[in-house]
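# Structural features, examined
Residues per chain are reported as follows:
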Amino acid sequence: MKGISILGATGSIGTQTLDVVRNSNDDFKLIGVTANSSVDKMKEIIKEFNPKYIGMMDADSAIKIKEFCLENNFKVQVYSGMEGLIKISTLDEIDIVVTSVVGMIGLKPTIAAIEAKKDIALANKETLVVAGELVMRKAREEGVRILPVDSEHGAIFQALQGNEIKDLKKIILTASGGPFRGKSKDFIKNVTLEEALNHPNWSMGSKITIDSATLMNKGLEVIEAHWLFDCNYESIQVLVHPQSIIHSMVEYRDASIIAQIGSPDMRLPIQYALNYPKRKEKVAKEIDFYEITSLTFEKPDIDTFKCLRLAFDAGKKGGLMPTVLNGANEVAVSLFLNKKIKFLDIADIIEDAMTIFEEYTHNDITIDNIIELDEKVRKYVINKKG
Ligand code: NAD
Ligand code: MG
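Definitions and cut-offs
Residues numbered from 1 in each chain as written. Chains lettered and ligands numbered in written order. Predicted model: local features only at pLDDT ≥ 70, side-chain atom pairs only at ≥ 80, totals over all residues. Heavy atoms only, no water. Axes fitted to C-alpha atoms, helices over the stretch in contact; angles between N-to-C directions. Helix = DSSP H or I, 4+ residues; strand = E, 2+ residues; numbered from the N terminus. Left-handed = near helix turned anticlockwise from the far one by under 90°. Contact = heavy atoms within 4.5 Å. Nonpolar A, V, L, I, M, F, W, Y, C, P; charged D, E, K, R; others polar. UniProt positions renumbered as here; feature names shortened; annotations may be inferred. Buried < 20%, exposed > 50% of the residue type's maximum accessible area, 1.4 Å probe, protein only. Pairing = 2+ DSSP bridges. Donors = N, O, S within 2.8 Å, 3.2 Å for Na, K, Ca; no water. Parallel < 35°, antiparallel > 145°, perpendicular 65-115°, else oblique. Near = heavy atom within 4 Å. Polar contact = N/O pair within 3.5 Å; in protein donor to acceptor, adjacent residues only side chain to side chain.

### Some thoughts on the packing of helix α2 (residues 39-49) against helix α3 (residues 59-71)
It is at 10 Å that the axes of α2 and α3 come closest, and there the two elements cross at 35 degrees. Crossing angle aside, the handedness with which α2 passes α3 is right-handed. Listed contacts from α3 to V39, M42, K43, I46 and K47 of α2 are S61, K64, I65, F68 and C69. Classifying every residue of the contact of α2 with α3 gives six nonpolar, one polar and three charged.

### What to know about the UniProt feature "binding site: NADPH" (unreviewed entry) in the protein
Here, UniProt's "binding site: NADPH" (unreviewed entry) annotation points to T10, G11, S12, I13, N124, E126 and G205. Mapping N124 onto the fold places it in the loop between β6 (119-122) and α6 (125-142). Judged by its relative accessible area of 1%, N124 is buried. Every residue in contact with N124, bar those within four places of it in the chain, is listed here: T99, V101, V102, G103, G106 and L107. Here G205 lies in the loop between α9 (193-196) and α10 (206-214).

### Focus on the sheet that holds strand β9 (residues 236-240)
Pairing is mixed across the open sheet formed by four strands, whose spatial order is β9-β8-β10-β11. Each end of this open sheet is capped by a strand with a single partner; those strands are β9 and β11 (257-261). When the angles between neighbouring strand axes are averaged without regard to direction, this sheet yields 20 degrees. As judged from the five bridges shared by strand β10 (residues 246-252) and β11, these two strands associate in the antiparallel manner. Looking at the pairing, V250 lines up with I258 of β11. Across the sheet, helix α11 (residues 216-229) touches β8 (168-175) and β9, and the angle it forms with β8 is around 150 degrees.

### Side note on the coordination of the magnesium ion (ligand 2)
At the metal site, the magnesium ion (ligand 2) is ligated by D150 (OD), E152 (OE) and E221 (OE), and these contacts range over 2.1 to 2.2 Å. In terms of primary sequence, the donors binding the magnesium ion (ligand 2) are separated according to D-x1-E-x68-E. Here E221 lies in helix α11 and E152 lies in helix α7 (residues 151-160), a separation of 69 residues in the sequence. For E152, a relative accessible area of 9% gives the class buried.

### Quick notes on the UniProt feature "domain: 1-deoxy-D-xylulose 5-phosphate reductoisomerase C-terminal" (unreviewed entry) in the protein
UniProt records the feature "domain: 1-deoxy-D-xylulose 5-phosphate reductoisomerase C-terminal" (unreviewed entry) at residues 146-229, using the numbering of this structure. Helix and strand shares over residues 146-229 are 49% and 13% respectively, and the end C-alpha atoms of the span are 11 Å apart.

### Regarding the packing of helix α13 (residues 306-317) against helix α15 (residues 345-356)
One can describe the packing of α13 onto α15 by two numbers: an axis separation of 9 Å at closest approach and a directional angle of 25 degrees. The angle between α13 and α15 places the two elements in the roughly parallel class. Crossing hand, α13 versus α15: left-handed. Residues K306, C307, R309, L310, D313 and A314 of α13 pack against A347, D348, I350, E351 and M354 of α15. For the contact of α13 with α15, the class distribution of residues is six nonpolar, no polar and five charged.

### Here we look at the site of ligand 1
Around ligand 1, the structure places 22 residues, and the nearest of them are T10, S12, N36, E126 and G205. Between ligand 1 and S12 there is a distance of 2.8 Å, counted from an oxygen atom to a backbone nitrogen or oxygen. Here N36 contributes a backbone N or O atom positioned 2.9 Å from an oxygen atom of ligand 1. At the level of secondary structure, the elements contributing two or more residues to the shell around ligand 1 comprise α1 (12-22) and α6. Class assignment of the residues belonging to the shell around ligand 1 gives a composition of eleven nonpolar, eight polar and three charged.

Here you go:
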């Protein structure tokens, strides 16, 4: 039985990971879980799974969970803040950490988990975007596995099995195109928050849903793929595929292409990452090809969806530029979610930050430099727009 911790257990990926654990026939024992402030959801997790360790980022929420556990006789250790996230990522009893918090807040706990020699089932793409070089190097040094949970990267990872990375010619990263696929800038400039949150194929947390609408999600995934699969940006092609059935593809030097296909259900890549290299009985629905009328493909429109271009630019620039891209995006999305800015402002804010902070991006890639620059970028964007 593998011991498992889930960071961000109350979110979209966290909840679906719990479902995989629930259906795993005791392959996994849930030892640690964290959340930001979702007290009610955490109580439900405690009642069902009885984990031994809990981390609530928010201190008041940690107190509420402690009281609940005392009143109901659950023997649980409750932590709060970043210390709690790190504690839950490094417990002796665990083998694998699912990083499903949203945002680069996942950076420190991910590094701590790797240093404690835990395998990582990685959903938290922002961490790889800002610190891919550090994370992958540390993982190699410590001999731990970074198992991708993101559906595209899970697909690529599967398509790479049994092949040699030196034969890899191209990664074809598929994208649904989001709710505004095919629309003009004129149309998009006035879209509402509700329209942007209405993703055609996936039900996800609000931040990644907005990222999917701007195509920044695909941009972050390009950088994620660069680090996970050690391939240069010229060999990553983004392909809009509105049905989200082909989760991504790999092209080899003999021009053979291997695709991974499945229903759009995150439990499939989560289950594969947790059980790798084994396969288990399905949790997701199988595909019925008689029901699929067509699979279509389009080139992404990077003029209208400037975020995708900005992410390629930041990735190619390298250094700390992806930290600027990510920090500005996290703040801009949160401003949009709070109805403080319009949809197209998101990309403009990121572009502006990438220009303003250019000179800071040549510093060494260290955790401290990443965090310091991230804070500067956030402050700058908030002062200008918040
Ligand atoms: P979500 O918003 O649904 O859940 C986020 C989780 O993180 C919650 O448990 C929340 O309590 C916790 N959290 C939020 N802010 C926090 C903070 N400041 N400190 C500590 N904990 C905090 O997000 P999600 O959709 O599950 O996405 C999680 C990550 O997985 C993101 O990086 C996202 O890009 C990635 N991802 C998600 C999906 C998906 O289908 N949802 C698919 C691929 C990748
Ligand atoms: Mg994805």
